[in-house]
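Analysis of the macromolecular model
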Amino acid sequence: MRKLIAILIATVMACTFVPLVGAHQDTIVVTLTPSGTVNIDVTPGTWNGAGATIGSTGTSGATDFNLSNIGTVPVDVTIEAIDTTAWELDIATPAHDQFTLAFNVSVAGTWTHFDETPVAFIGDLPVSAEAQNWALFALEVEMPTSTSTNAAQETTITFTGTAA
Amino acid sequence: MQPKRRQLPSQAQQPKSSNINAKPPLSFFSLFLGNLREKGEPVTLTKQSGISAKPNLKEGKKMKQITAFILAFAVLMSFIPVVGADNTATIDITLNNSATASINVTPTTWGPTAGIGETQETDSGHFVLANNGTVTVDVTIKGSNTTNGWYLGTSPEHDTFHIQYNLTVAGSWQNILIAEAPFATTLSPVAGINTCAFDLKLEMPTSSSNDDPQVTQVTFTATAN
């Protein structure tokens, strides 16, 4: 019994002391190379607003634009745009020096207005072509009802992809 | 009955240094400190060394925790490009607005009844020029000689008449000349602020070589601002 108790005590002490005995530390540096990348592409990269004039609406073809997921992970995509130098981008209605933009993703079939605040464009866009890693869509611009300038105006639509 | 008061040894009251190489006070420390001795680290132990040794235990744990944090951070940093990946694509839109510059003035005729050497003028903003186009415009004004031999000048003379305009907002008479001159600038197409009222003043020639009816025309020209 005494031996057993002595063995047990010795074991407990050994367990207790292990961290002390091994107090000297070493490290393993683990470098993890990302295996996934987010990358999207949209074509074409330019548009002339369908030649719309003041007070009119310009609409592209339903499938004129194509946004593709060319990364390695499914992505959520948002869309936003900016004011021109003389015209304000409005979310709702055109007015003097004020225009609107909208998109229509083919699979959705409805027009969605957008402005400087990012809004969801498409969610969980797959990676593989077999799973349709692209989205065809149309754009629409409602020109100002009147303008303070006759100069051509430029705006940029930005799509942002993040890992879904 | 008085409770027994335990007498502490005098050494316990005063910290006492001792060299670990001399004699480990306890087997616990001899195991631990023996490891240190192998590394040749000088160790000073006091009677309270049982207490002072504990921070070494904690320090070891802290080191492990720090190492764990560093590893976790390294792992996190490595994954950030994936989790927080942000890639953009753009479409540049050029809008050629093809706006229309369009103005009209009302009324379009005026028939003053002034005789030779007399002056006549309208009042209260009798004429109104409106921007009914789709773009802000600058407007110029010019006059013309008459159809039957009178000249437009800057003061009335023989066969020379003088005509002026007065924008209501300006309140001063300005000559109308053969040459085009600014009339109004940045006239908005927005309803409510797209008009400007004005009056005309005619000074007839001081004398005339004929008594035929005379017709002159005032022309306004708008260009996109």
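Scroll up for the structure.
So, here is what we can say about the structure in this document. Keep in mind that what you see is a predicted model, and the values were worked out from it rather than measured.

1. Points about the overall build of chain A
Counting its secondary structure elements, chain A contains one helix and 11 strands. For chain A, the α and β elements follow one another from N to C terminus as α-β-β-β-β-β-β-β-β-β-β-β. Burial statistics for chain A: of 164 residues in total, 27% are counted as buried.

2. A word on the overall build of chain B
Looking only at helices and strands, chain B has three helices and 13 strands in total. Across chain B, contacts joining residues at least 24 apart in sequence account for 78% of those joining residues at least 6 apart.

3. Describing unusual backbone geometry
Following threonine 43 of chain A, the chain continues to proline 44 of chain A via a peptide bond in cis, the omega torsion being -10°. Mapped onto the secondary structure, proline 44 of chain A falls in the loop between β1 (40–43) and β2 (46–47). Note the cis peptide between threonine 106 of chain B and proline 107 of chain B, where omega equals -10°. Mapped onto the elements of the fold, proline 107 of chain B is located in the loop between β4 (103–106) and β5 (119–121). A positive phi angle, near 55°, is found at aspartate 97 of chain A, a position not held by glycine.

4. Some words on the nonpolar core
Residues Leu67, Val77, Phe103, Val141 and Phe159 of chain A together with Val139 of chain B are the most contacted members of the largest nonpolar core, which totals 51 residues. The residues touching phenylalanine 103 of chain A, leaving out its near neighbours within four places in the chain, are Ile79, Thr112, Phe114, Phe121, Phe137, Ala138 and Leu139 of chain A.

5. A short note on the sheet that holds strand β7 (residues 137–142) of chain B
Residues and elements named next belong to chain B. Read across the sheet, three strands follow the order β11-β7-β13 without closing on themselves; strand pairing throughout is antiparallel. Of all the strands in the sheet, just β11 (181–187) and β13 (219–224) have a single pairing partner and so form its edges. Strand-to-strand twist of the sheet, defined as the mean angle between neighbouring strand axes without regard to direction, takes the value 20°. In terms of strand pairing, β7 meets β13 through six bridges, oriented antiparallel. When the sheet's bridge partners are listed, valine 139 is paired in β13 with alanine 222.

6. Focus: the sheet that holds β2 of chain A
Reading across from one edge, β2(A)-β3(B)-β11(A)-β5(A)-β9(A) is the order of the five strands in this open sheet, with mixed pairing throughout. In this open sheet, the two edge strands, each paired with only one partner strand, are β2 and β9 (119–125) of chain A. By the bridge criterion, two bridges tie β2 of chain A to strand β3 (residues 87–95) of chain B in an arrangement that is parallel. By the bridge assignment, threonine 46 of chain A is partnered in β3 of chain B with aspartate 92 of chain B.

7. Observations concerning the pairing of strand β12 (residues 195–203) of chain B
Residues and elements named next belong to chain B. Pairing between β5 and β12: three bridges, direction antiparallel. Of the residues in β12, the one forming a bridge with glutamate 121 is lysine 201. Note that strand β6 (residues 127–131) and β12 share four bridges and pair antiparallel. Residue pairing in the sheet places alanine 130 in a bridge with threonine 195 of β12. Here six bridges tie strand β9 (residues 160–167) to β12, and the two strands are oriented antiparallel to one another. Pairing of tyrosine 165 across the sheet is with leucine 200, part of β12.

8. Some thoughts on the pairing of β9 of chain B
All names here are of chain B. In this structure, strand β8 (residues 151–152) lies alongside β9, joined through two bridges in parallel fashion. The partner of tyrosine 151 across the bridge, within β9, is threonine 160. With two bridges connecting them, β9 and strand β10 (residues 174–175) associate as antiparallel partners. Bridge pairing in β10 places tyrosine 165 opposite glutamine 174. Counting the residues that bridge the hairpin from β9 to β10 gives six residues, and of these glycine 171 lies at a positive phi of roughly 80°.

Cut-off values and rules
- Residues numbered from 1 in each chain as written.
- Chains lettered and ligands numbered in written order.
- Predicted model: local features only at pLDDT ≥ 70, side-chain atom pairs only at ≥ 80, totals over all residues.
- Helix = DSSP H or I, 4+ residues; strand = E, 2+ residues; numbered from the N terminus.
- Buried ≥ 20, exposed ≤ 12 C-beta atoms within 10 Å, placed from the backbone.
- Contact = placed C-beta atoms within 7 Å.
- Core = buried A, V, L, I, M, F, W, Y, C linked by C-beta atoms within 7 Å.
- Pairing = 2+ DSSP bridges.
- Axes fitted to C-alpha atoms, helices over the stretch in contact; angles between N-to-C directions.

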